[in-house]
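Listed here are the chains, written in short residue letters.
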Amino acid sequence: MKFVTSILNRRAFVALAAASMLAGVMHSAPASAADVTIPIIVKDTTSFYWQIVLAGARKAGKDLGVNVPELGAQAETDVNGQISILENAVAGNPAAVVIAPTEAKALGKPIDEAATNVKIIGIDSGADSKAFTSFLTTDNIQGGRVAADGLAAAIGEANGGKIEGDVALITALPGAGSLEQRAQGFKEQLAAKYPGLKLVADKYADGQATTGLNIATDLITANPNLKGIFASNLIMAQGVGQAIAENSLAGKVGLVGFDSDEKLIKFLNDGVISALVVQDPYRMGYDGIKTALAASKGEKVEANVDTGANLVTKANMKDPKIDALLNPKLD
């Protein structure tokens, strides 16, 4: 009888120990996806381009069951504002953070510091930091090359096949990694492939469309042989497009812009803009959150992901792939 009781006691002890271990496992198990928070920090929450990025991130949050706070300053020029947003986001102990740095040098150290506490996923623009777990962006140097090819084609079409004359580059802001890379690719492609095109102006603006309008107007007045302009982001393309339209130079001065919105698409339809280099911001937002979630779980992720760039003209803008980029779903 004592023997049977002993066996029963041992079985009870084993059962109790197993239950205790299971409880410990349950208690230490990672939180469900619904409890995971991954903020996304963009450069400017008011811009159509960044709204597309946020829409992609929002959809990823819904698909993956992740809470995705949508953060960002009111203008790309508010570098200190973005730094504060990053610091506050990290203080909330998220699973990871997705960020598009506004300015490469200024965001380097803040990103380094943030990465000591949480996985940082970069999108769109780089920073002076090696702390990104993964970086998803357009190959902006290649995007600049594509822009040069598009501008050369437009100049040739308007001038009986002759690809020659003066061209200009207008960049929205100094120091933004993606914009500097676009400028680099553009200038390299001009030098390598188009000896007849002379870069006579390489101008920086202040992030405002009206400044782009004024710079372009001055260039048009000062350079009668001006054949083309590359405006390397959406805001500059809006301003420069307005200058081309106001001076009745559609089809005479080629214009290649970067990214798209309703205004730029209308300019493209009207012949004011010759071509647009269009990224895939929706994919950046979606895959940024997806990558951040994987990284937060300790899964291996790609260090660098090229999200692609496409040259859009009036001739191909109705193609299904291009149309999807021009008219993304924002809900």
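By convention here, each chain's residues receive numbers from 1 onward along its written sequence. Reporting of local features is limited, given that this is a predicted model, to residues whose pLDDT is at least 70; pairs of side-chain atoms are given and counted only at 80 or more, and all residues count toward the totals for whole chains, interfaces and linings. Only hydrogens and water are set aside; all other atoms, that is, all heavy atoms of the structure, feed into the side-chain values.

**Q** I'm lost on the overall build of the chain in this one. Help?
**A** Each helix and strand counted, the chain has 11 helices and 12 strands in total. Residue burial is assigned from relative accessible area. The probe radius is 1.4 Å, only protein chains are included, and a residue is buried under 20% of its type maximum, exposed over 50%, and partly exposed in between. Each of the 331 residues in the chain was classed as buried or not, and the buried ones make up 49%. Whether two residues are in contact is decided by their heavy atoms, any of which lying within 4.5 Å being enough. Long-range contacts, defined here as pairs at least 24 residues apart, represent 70% of the contacts in the chain between residues at least 6 apart. Counting every atom, the chain has about 15,500 Å² of accessible surface; 54% of that belongs to carbon and sulfur. Counting from the N terminus, the helices are DSSP H or I runs at least four residues long and the strands are E runs at least two residues long. Each accessible area is a Shrake-Rupley estimate made with a 1.4 Å probe; only the visible protein chains count as cover when residues are assessed.

**Q** Explain the packing of helix H8 (residues 234-246) against helix H9 (residues 262-270) to me, please; I cannot follow it from the model alone.
**A** Packed helices, taken two at a time, are described by the angle between their axes plus the distance between the axes. Under this scheme, a helix contributes an axis fitted over its contacting stretch, all axes are lines through C-alpha atoms, and angles between N-to-C directions fall in the 0 to 180 degree range. Between H8 and H9, the shortest axis-to-axis distance is 10 Å and the interhelical angle comes to 40°. With respect to H9, the element H8 is oriented oblique. Here H8 runs over H9; the crossing is left-handed. Across from Leu-234, Ala-237, Gln-238, Gly-241, Gln-242 and Ala-245 in H8, the residues of H9 making contact are Lys-263, Leu-264 and Phe-267. The scheme is simple: roughly parallel for angles under 35 degrees, roughly antiparallel for over 145, roughly perpendicular for 65 to 115, oblique for anything else. Take the far helix as your reference; a near helix turned counterclockwise from it by less than a right angle gives a left-handed crossing, and one turned clockwise gives a right-handed crossing.

**Q** Honestly, the side chain of Asn-140 in this entry has me stumped. Any pointers?
**A** For Asn-140, the position within the fold is in helix H5 (residues 140-158). Taking relative accessible area as the criterion, Asn-140 reaches 0% and is therefore assigned buried. A distance of 2.8 Å separates polar atoms of two side chains, one belonging to Asn-140 and the other to Arg-182. Asn-140 has contacts with Asp-124, Ser-178, Gln-181, Arg-182, Phe-258 and Gln-279, leaving out every residue within four places of it along the chain. Counting of polar contacts relies on pairs of N or O atoms within 3.5 Å, with two restrictions inside protein: one atom must be capable of donating a hydrogen and the other of accepting it, and residues adjacent in sequence are counted only when both atoms are side-chain atoms.

**Q** What is the right way to read the packing of helix H2 (residues 48-64) against helix H10 (residues 281-296) from this model?
**A** Across the interface, H2 lies against H10 with an axial gap of 6 Å and an inter-helix angle of 40°. The orientation of H2 relative to H10 falls into the category oblique. Both H2 and H10 take part in a crossing whose hand is right-handed. On H10, the residues touching Tyr-49, Ile-52, Val-53, Ala-55, Gly-56, Ala-57, Lys-59, Ala-60, Gly-61, Asp-63 and Leu-64 of H2 are Pro-281, Tyr-282, Met-284, Gly-285, Tyr-286, Ile-289, Lys-290 and Leu-293.

**Q** Can you walk me through the packing of aromatic side chains in this structure?
**A** Each aromatic ring pair is characterised by the separation of its centres together with the angle its planes make. Here a Phe, Tyr or Trp ring, Trp counted by its six-membered ring, pairs with any other such ring whose centre lies within 6.5 Å, and the pair is stacked when the planes are under 30 degrees apart, edge-to-face when over 60, and tilted otherwise. In total, this model carries four aromatic pairs according to the counting rule given. Ring geometry for Phe-132 and Phe-135: centres 5.5 Å apart, planes at 35°, overall tilted. Comparing Phe-132 with Phe-135, the two get one shared label, buried. Summarising the aromatic geometry, the rings of Phe-230 and Phe-258 are spaced 6.3 Å apart at their centres and angled 45° between planes, so their arrangement reads as tilted. Taken together, the positions of Phe-230 in strand S8 (residues 226-231) and Phe-258 in strand S9 (residues 254-258) put the pair 28 residues apart, joining distant regions of the chain. On the basis of relative accessibility, which here comes to 0%, the residue Phe-230 falls in the buried class. Cluster of aromatic residues (ring-pair linked, three or more members): Phe-186, Phe-230 and Phe-258. By definition here, charges over rings are those cases where NZ of Lys or CZ of Arg is within 6 Å of the ring centre and within 35 degrees of the ring normal. Its guanidinium or amino end placed over the ring of Phe-258, Arg-182 lies 3.8 Å from that ring's centre, counting from NZ or CZ.

Note that every value here comes from positions in space, so none of it alone points to a role or purpose.
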